[in-house]
Amino acid sequence: MSLTADSRLLQVDLRSAGYGAVPVLHDIAFDLDEGRRLVILGANGAGKTTTLRALTGLCAAQGSIRFAGAPLQGLPAHRIARHGIAHVPQGRGTVPDLTVRENLLLGGTLRSPREAAADVGFWMDRFPRLGERAARPASGLSGGEQQLLAIARAFMARPRLVLLDEPSLGLAPKVTAEVFAAIDELGRARGTALLIVEQNAALALAIADTALVLESGRIVTRGAAADLQGDDDLRRAYLGV
Ligand SMILES: Nc1ncnc2c1ncn2[C@@H]1O[C@H](COP(=O)(O)OP(=O)(O)O)[C@@H](O)[C@H]1O
Ligand SMILES: [Mg+2]
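Keep in mind that this is a model prediction, so the values were computed, not measured. (Residues numbered from 1 in each chain as written. Chains lettered and ligands numbered in written order. Predicted model: local features only at pLDDT ≥ 70, side-chain atom pairs only at ≥ 80, totals over all residues. Heavy atoms only, no water.)

Colleague: Go over the coordination of the magnesium ion (ligand 2) with me, naming the residues and quoting the values.
Modeller: For the magnesium ion (ligand 2), the full set of protein donor atoms is Thr 49 (OG1) and Gln 90 (OE1), and the range of their distances to it is 2.0 to 2.1 Å. Placement of Thr 49 in helix 1 (residues 48–55) and of Gln 90 in the loop between strand 6 (85–88) and helix 3 (100–106) is noted, with a sequence separation of 41 residues between them. Residue Thr 49 is classed as buried on the basis of its relative accessible area, which comes to 17%. (Donors = N, O, S within 2.8 Å, 3.2 Å for Na, K, Ca; no water. Helix = DSSP H or I, 4+ residues; strand = E, 2+ residues; numbered from the N terminus. Buried < 20%, exposed > 50% of the residue type's maximum accessible area, 1.4 Å probe, protein only.)

Structure representation (structure tokens):
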């Protein structure tokens, strides 16, 4: 049976989005089904972060955003989160002065205290480095550990969709590979849909189903992640790699 339009988890059809009088994004349309992965690639300044901000109510957007059939456009960020979308922002967004445990609990504020406490235990076991540092400030973690903390915090909300903004930013290649392996495994284990924006095309395409490429706020190409992965011309033209 083919999926009808309404069975899509996320349906985005934006005429424009941005911060002021001059829009950053133009004609951004894509869909994402439950449990699937979409990666948005593009060079610095292409509009990747702005796309995620438009979805989570953090910048102005004109057009339509539907999530599990419900319209989201115009809703404030906290109401969008309640629909089951968690956002791991660029630069991670962990709170440096709070402990690792407190950072995790911030992700569970929409859930009962008992459920949230149980999930904190799960994440401490899953990422033992976080468990060892539970009572210490997040500022003492390495960059990779902070990224894992930010990801675990997003999953604390038991979301249906996680938005990840450049999870590789500032991390050494080996650490980046570990972070992507964790994202891949968690998404699979929980059946969570993922929307990842990245400049690191190879790693992101390797765990995605579909991909689109942004240039100057417009979609310039899209397709199956495996097809883009093998397209050297495309990588050179739009991604500089
Ligand atoms: N808060 C802001 N106010 C005005 N312009 C912004 C703001 N943030 C980003 N921009 C502009 O929007 C464009 C896209 O930025 P961004 O979405 O951050 O790109 P990317 O994440 O792909 O690097 C850039 O030209 C940038 O200068
Ligand atoms: Mg960005």
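Colleague: Explain the sheet that holds strand 10 (residues 218–224) to me, and be specific about the residues and the numbers.
Modeller: In spatial order, the strands read 6-7-8-3-9-10; together these six strands make up an open sheet with mixed pairing. Strand pairing shows two members of the sheet lacking a second neighbour, strand 6 and strand 10, which therefore form its edges. Ignoring which end each strand starts from, the neighbouring axes of this sheet average 15 degrees apart. Here strand 3 (residues 37–41) runs beside strand 8 (residues 193–198); their pairing, made up of five bridges, is parallel. Bridging across to strand 8, Arg 37 finds its partner in Leu 194. (Pairing = 2+ DSSP bridges. Axes fitted to C-alpha atoms, helices over the stretch in contact; angles between N-to-C directions.)

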